[in-house]
Amino acid sequence: MLRIPKKKFRHHSLTGRITPDTLYRAWRKVRANRGAAGVDKQSVQRFQSNVDQNLAKLLKELKRGTFSPLPLLRRFIEKGLGKFRPLGIPAVRDRVGQEMLRALLAPIFERLFHDSSHGFRKLRSCHTAMRELMGYARQGWNMWIVEADIIGFFDNISHKLIYDLVAAEVSDGKMLALLKKFLQAGVMEGTRLKRTRKGTPQGGVISPLLANIVLNHLDWTLHKYGFRFVRYADDFVVVCRTRQEAEKALELIRRVIELELGLQLHPDKTHVVRVKEGFEFLGFHINSSTVRMGQKAEDRFKNKVRQATTRHHNLDAEVIKRLNVVIRGTVNYFFAPFTRNLAQFNELDRWIRRRIRCMKYKRFSLKDNCWFEDKHIRRLGLVGCRECAIGYG
């Protein structure tokens, strides 16, 4: 396991920074993100109806160190191909407490993070990660790529590792105890309470920050040995000029992830690949000639369109409105300065129009193209993928 050196200077008295104003700012962020109710079935709207009293009670408990979070509510979201990702939904009051803790810890660790870490940081995003990766391509670095996938990263991080890494920078006993409470709150699956002995739940407000704190050691180890990389949360690639260099990088990654961080690399999804063969990163498929929407991302997009264009439903303005939201969101993400692949969007537009014709006539027939032409579909207000992309360009 990773040996964490003790530091002479550590931040203390973070509890004193919890004030009504800072707690209210935390509540505003939780309110803006909305989200489902937790195990107590209290929604954001219900919490807001008595917000002053709720925040006053929460402030008192956080100050005294008597705050005790409720178990998380287990929900599953589909990943595709019949696979599901587990989410842990905290109660609203617990989300406010987590946001408060995140706001206190983030400035401390932000100055320690590597510049090539882009996930869940201010002024950084998937697009800034892609721009850095494309910058390496222009410099001739990414002839070879190390793709690495950590098995169940969020679900398998050691609680002791998280606690020790935070305690290396923070000495406030109440805040460290609060962090431990959040990590060990448990998960409610149906009517059964399941204890959490490891991991930080996807869906928790503080989980992204904790993920960056854990993987920051990997970042600086790669930097120490002279490797170029781009990381967004647990999704990362290392760019190399030769296969030998890539093999050395993979060996280093395996040592850090498995021996020092106590996690496991996926044997089938961790490998060295030439750029011309193509690889996946942040939903994009990248090779030496093009950058396009990856197959998994395209499948997820089509599933959303299918849900909006169920054949036995009527074609009306509400259907077009839902489709436009899906199309704009997808194109906004995938059509950026580093990709101009309109051919894929043209094909998706044709597929969407077929879905609309099937919905209108309750059948699939190529003859319907003559009866319900593209110009009629455009008059309904549909924003095509290509049209939307050109608008962004």
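Residues numbered from 1 in each chain as written. Predicted model: local features only at pLDDT ≥ 70, side-chain atom pairs only at ≥ 80, totals over all residues. Heavy atoms only, no water.

## Some points on the overall build of the protein
Part 1: What the protein contains, in helices and strands, is 16 helices and 11 strands.
Part 2: The principal-axis extent of the C-alpha atoms belonging to the protein is close to 75 × 60 × 35 Å.
Part 3: Across the 393 residues in the protein, those meeting the buried criterion constitute 48%.
Part 4: Residue pairs at least 24 apart in sequence account for 73% of intrachain contacts in the protein once pairs closer than 6 positions are excluded.
Part 5: A distance of 3 Å separates the average location of the 75 positive side-chain charges in the protein from that of its 38 negative side-chain charges. (Helix = DSSP H or I, 4+ residues; strand = E, 2+ residues; numbered from the N terminus. Buried < 20%, exposed > 50% of the residue type's maximum accessible area, 1.4 Å probe, protein only. Contact = heavy atoms within 4.5 Å. Lys, Arg positive; Asp, Glu negative; His and termini not counted. Charge placed at Lys NZ, Arg CZ, Asp CG, Glu CD.)

## Observations concerning the confidence of the model for the protein
Part 1: Confidence in the prediction for the protein averages 90 pLDDT; 96% of positions are at 70 or higher.
Part 2: Within the protein, the element-level pLDDT minimum falls on helix H14 (residues 368–371), averaging 68, and the maximum on helix H9 (residues 207–224), averaging 97. (pLDDT = per-residue confidence, 0-100.)

## Quick notes on the packing of helix H12 (residues 317–334) against helix H13 (residues 342–361)
Part 1: Taken N-terminus to C-terminus, the directions of H12 and H13 make an angle of 165°; their axes are 13 Å apart at the nearest point. Taken together, H12 and H13 sit at an angle that is classed as roughly antiparallel. Here H12 and H13 pass one another in a crossing that is right-handed. Contacts between H12 and H13 involve Val319, Ile320, Leu323, Ile327, Val331 and Phe334 from the former and Phe345, Ile352, Ile356 and Met359 from the latter. (Axes fitted to C-alpha atoms, helices over the stretch in contact; angles between N-to-C directions. Parallel < 35°, antiparallel > 145°, perpendicular 65-115°, else oblique. Left-handed = near helix turned anticlockwise from the far one by under 90°.)

## Overview of the side chain of His11
Part 1: In this fold, His11 is placed in the segment before helix H1 (20–33).
Part 2: The buried category is assigned to His11, whose relative accessible area is 15%.
Part 3: Ignoring sequence-local partners within four residues, the contact set of His11 consists of Ile108, Arg111, Glu169, Val170, Ser171 and Asp172.

## Things to note about the sheet that holds strand E9 (residues 279–281)
The strands making up a sheet associate through backbone hydrogen bonding, with each pair oriented either parallel or antiparallel.
Part 1: Across the sheet, which stays open at both edges, the three strands sit in the order E9-E10-E11 with antiparallel pairing between neighbours. Of all the strands in the sheet, just E9 and strand E11 (291–293) have a single pairing partner and so form its edges. The sheet shows a mean angle of 35° between the axes of neighbouring strands, taken without regard to direction.
Part 2: Across three bridges, the pairing between E9 and strand E10 (residues 284–286) is antiparallel. Directly across from Phe281, in E10, lies its bridge partner Phe284. (Pairing = 2+ DSSP bridges.)

## Thoughts on the sheet that holds strand E7 (residues 235–240)
Part 1: Sheet architecture is open: four strands sit in the order E6-E7-E3-E8, paired in antiparallel fashion. Of all strands in the sheet, those bounded by a partner on one side alone are strand E6 (228–232) and strand E8 (271–274). The sheet shows a mean angle of 25° between the axes of neighbouring strands, taken without regard to direction.
Part 2: By the bridge criterion, five bridges tie E6 to E7 in an arrangement that is antiparallel. Residue pairing in the sheet places Arg231 in a bridge with Phe236 of E7.
Part 3: Set on the sheet, H9 makes contact with E6 and E7; between it and E6 the angle comes to about 170°.

## Description of the environment of Ala37
Part 1: Considering the arrangement of structural elements, one finds Ala37 in the loop between H1 and helix H2 (44–49).
Part 2: Ala37 gets classed as partly exposed once you look at its relative accessible area, which sits at 21%.
Part 3: Sequence-wise, Ala37 and Ile257 are 220 residues apart; in three dimensions their C-alpha atoms are separated by 35 Å.
Part 4: Residues contacting Ala37, with those up to four places away along its chain left out, are Gln42, Ser43, Leu73 and Ile89.

## Considerations on H1
Part 1: With 14 residues, H1 should cover 20 Å at 1.5 Å per step; its first-to-last C-alpha distance of 20 Å lies within 8% of that length.
Part 2: Those residues of H1 that sit buried are Thr22, Leu23, Ala26, Trp27 and Val30. Within H1, the buried residues cover an arc of 145° as seen down the axis, which keeps them to one side. When the buried face of H1 is taken as reference, the exposed residues oriented beyond 90 degrees from it are Pro20, Asp21 and Ala32.
Part 3: Those residues of H1 that are buried are in contact with H2, helix H3 (51–64) and helix H4 (92–110). (Expected span 1.5 Å × (residues − 1). Arc of directions from axis to C-beta.)

## Details of the side chain of His118
Part 1: Tracing the backbone through its elements, the reader meets His118 in the loop between H4 and helix H5 (126–138).
Part 2: Separated by 2.5 Å, the side chains of His118 and Glu132 make a polar contact. (Polar contact = N/O pair within 3.5 Å; in protein donor to acceptor, adjacent residues only side chain to side chain.)

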